[in-house]
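Chain by chain, the residues:
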Amino acid sequence: MWHGICNQPAFVAPDGVAPMDTSMTQNRPHSDLFRPAAPVPPPSRPRFSQVIRGMLRADFSHFSIKAYEKAVYPIPTLGRRVLMPVRPKPLRTVLAEQHPNYPKSQVMQRLLAPLINDGMFVANGDIWARKRRMLEPTLELSRLKVFLPLMQGAVDDMIARLRARPDTAMDVDIETMRVTADILCRTMFSERVTAEFVDELAEAFRRYQASTPEFMALEVMGLPFWVLPHRVLKTRRTSRQIREMLARLVRQRLATPEEERPDDLLSSMIAAHDTVTGHRFSEAELIDEVVIFFIAGHETSASALSWALYLLANDQAAQTRLRDEVETTLPPGPIAFSNLRKLRFTRDVFRESLRLYPPVTCYLRDPQDQADLGRTRVRARDLIAVVPWFVHRSPKNWSHPNLFDPDRFQTEGGRESTRKSYIPFNTGPRACSGAAFATQEALLILSAVIRNFQVDPVAGHTPQPAAWMTQRSRNGVWLNLVPRTSASAQT
Ligand code: HEM
């Protein structure tokens, strides 16, 4: 049953065994903290038909409170058994300690094959290890300094676009999608793409991802994708379009003499070689990996930023604190790399947004051999679904899990929960390679928007979380961005 979206404390998490968190946000009691939009879980276990309906709607409204509390929750399906680890121990087993027994699922490979073949995001075993080794230097911390001015250019353009708008109410999702696509294009291809190219590419990715909930539901029912022939053909057409758009840029760069290539992500991928085997990426492999960076790093960052702005709009005290921090830490003019690290509260707001609305909705794994996951016996034909939404909102893992409380990361209890039960970027060997990149762009975007705009909710609008391939809002994220005129309002 759909219980709607609540802004009210309709679901009061029982006091569990989460480390007690005695934080007070700047002396604010927990009762003053914002409780953001989330479905209210039904009290009992859902029927299979409810699960399928929920999957097609792509929300978590059909998951009972048990899904938030059990160590390993069995998601009811007709065919393959799906197990969802929620508590720290089984999570650690699957994602880190026994990860070779839990490689990435073939479900993900089937969903993404038309776009990325066996690129790093879905590959397993030696192929994955080689690609990860080769791509590691591309995103290492020292490279972030090189990307800073490229990211800054895209953020400046976004602020100019927003300031030029005649109306203040907007679906910020559209702008966060645009600026994160722009950042990826600039850091990948330097300045060589137009705004139209960025928009066309972002739109093609949106169309591709829109079909994933239906394909996921077919997987759970054990049906082939071809029962939806129109969808399959449409998805193939879209993936061809995306690959061709990016392939043209890869070929242009390969034709450019080495000494004339700009210092960006693509040049770094072309130069990558495996220190063990000497292997270099072929043209087709390069296209796979470029597409992966867009899949992994575009909607994810956009989703995180839209939710962060929604949270700040609804917690004006946090918004003012963030603005004060930005204005005292970042002098006017180009932002120094070293200053970004000082934005502690801004970073905690971003981390808290990732906890409440983790952008990657599901990490799927195929167990290879039978094994014990706590008290649950895993069989080789089961599917493991790690869903960070439940990990992050479990009252057993976090204190006051449904409240927006950026200060929790500075408390002892919050730090312990972070260590054990905070997985927006995954953990272990398959953890996100772009986490530092994503954090840097988020700090730049959040600080620029809050410095330049007063951000308020739009009356009557409550976003409805939808677990598509990334955690989005079905009805957009509508906010009022009112330009600020003070001298410090600049990027
Ligand atoms: C807020 C933004 C982001 C979030 C929340 C995020 C989250 C994740 C997660 C959860 C995974 C692992 C998925 C799984 O194990 O099934 C992952 C993998 C990955 N991410 Fe990110 N990501 C973000 C941004 C980025 C960016 C900006 C890039 C690149 C520029 C990137 C590149 C990658 C790559 C290449 C992988 C595959 C790593 C591997 O399989 O070894 N991500 N990301």
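Residues numbered from 1 in each chain as written. Predicted model: local features only at pLDDT ≥ 70, side-chain atom pairs only at ≥ 80, totals over all residues. Heavy atoms only, no water.

Caption draft 1: Representation of the sheet that holds strand E5 (residues 169-171). Within the open sheet, the three strands sit side by side as E5-E13-E10. Their pairing is antiparallel. Each having just a single partner strand, E5 and strand E10 (453-457) make up the two edges of the open sheet. Going from strand to strand, the sheet's axes swing by 40° on average, the running direction of each strand aside. Note: E10 against strand E13 (residues 478-483), five bridges, orientation antiparallel. Looking at the pairing, Pro457 lines up with Leu479 of E13. Taken strand by strand, helix H19 (residues 435-452) contacts E10 and E13, and its axis lies near 90° from that of E10. (Pairing = 2+ DSSP bridges. Helix = DSSP H or I, 4+ residues; strand = E, 2+ residues; numbered from the N terminus. Axes fitted to C-alpha atoms, helices over the stretch in contact; angles between N-to-C directions. Contact = heavy atoms within 4.5 Å.)

Caption draft 2: Focus on the coordination of the iron atom of the ligand. Looking at the iron atom of the ligand, one finds just one donor atom contributed by the protein, Cys432 (SG), at 2.3 Å. Tracing the sequence through the fold places Cys432 in the loop between helix H18 (412-421) and H19. (Donors = N, O, S within 2.8 Å, 3.2 Å for Na, K, Ca; no water.)

Caption draft 3: Seen up close, the layout of surface pockets. By volume, the largest pocket amounts to about 510 Å³. Along the walls of the largest pocket sit 23 residues, with Ile174, Met177, Glu203, Arg206 and Arg472 positioned nearest its centre. The set of elements that each furnish at least two residues to the lining of the largest pocket consists of helix H1 (48-57), helix H7 (172-189), helix H8 (195-210) and strand E12 (471-473). The dominant element in the lining of the largest pocket, judged by the number of residues it contributes, is H8, at six residues. (1 Å grid on protein atoms, 1.4 Å probe; cavity = no way out; pocket = protein on both sides within 12 Å on 5 of 7 lines; lining within 4 Å. Points joined across faces, edges and corners; volume = space filled by probe spheres on them.)

Caption draft 4: How the structure looks around the packing of aromatic side chains. The full count for this structure, using the stated rule, is 18 aromatic pairs. An angle of 10° between the planes, with centres 3.8 Å apart, marks the rings of Trp307 and Tyr357 as stacked. Pair noted here: Trp307 is in helix H13 (residues 299-313) and Tyr357 is in the loop between helix H16 (344-356) and strand E6 (363-365), with a separation of 50 residues, a long-range link. According to the relative accessible area criterion, Tyr357 is buried, its value standing at 0%. Of the aromatic side chains, those joined through ring pairs into one cluster are Phe34, Phe60, Phe63, Tyr68, Tyr73, Trp307, Tyr310, Tyr357, Trp389 and Phe390. Here the basic side chain of Lys104 rests over the ring of Phe121, its NZ or CZ set 3.9 Å away from the ring centre. Directly above the ring of Trp389 sits Arg393, whose terminal nitrogen or CZ lies 4.1 Å from the centroid. (Phe/Tyr/Trp six-rings, centres within 6.5 Å; stacked < 30°, edge-to-face > 60°. Buried < 20%, exposed > 50% of the residue type's maximum accessible area, 1.4 Å probe, protein only. Lys NZ or Arg CZ within 6 Å of the ring centre and 35° of its normal.)

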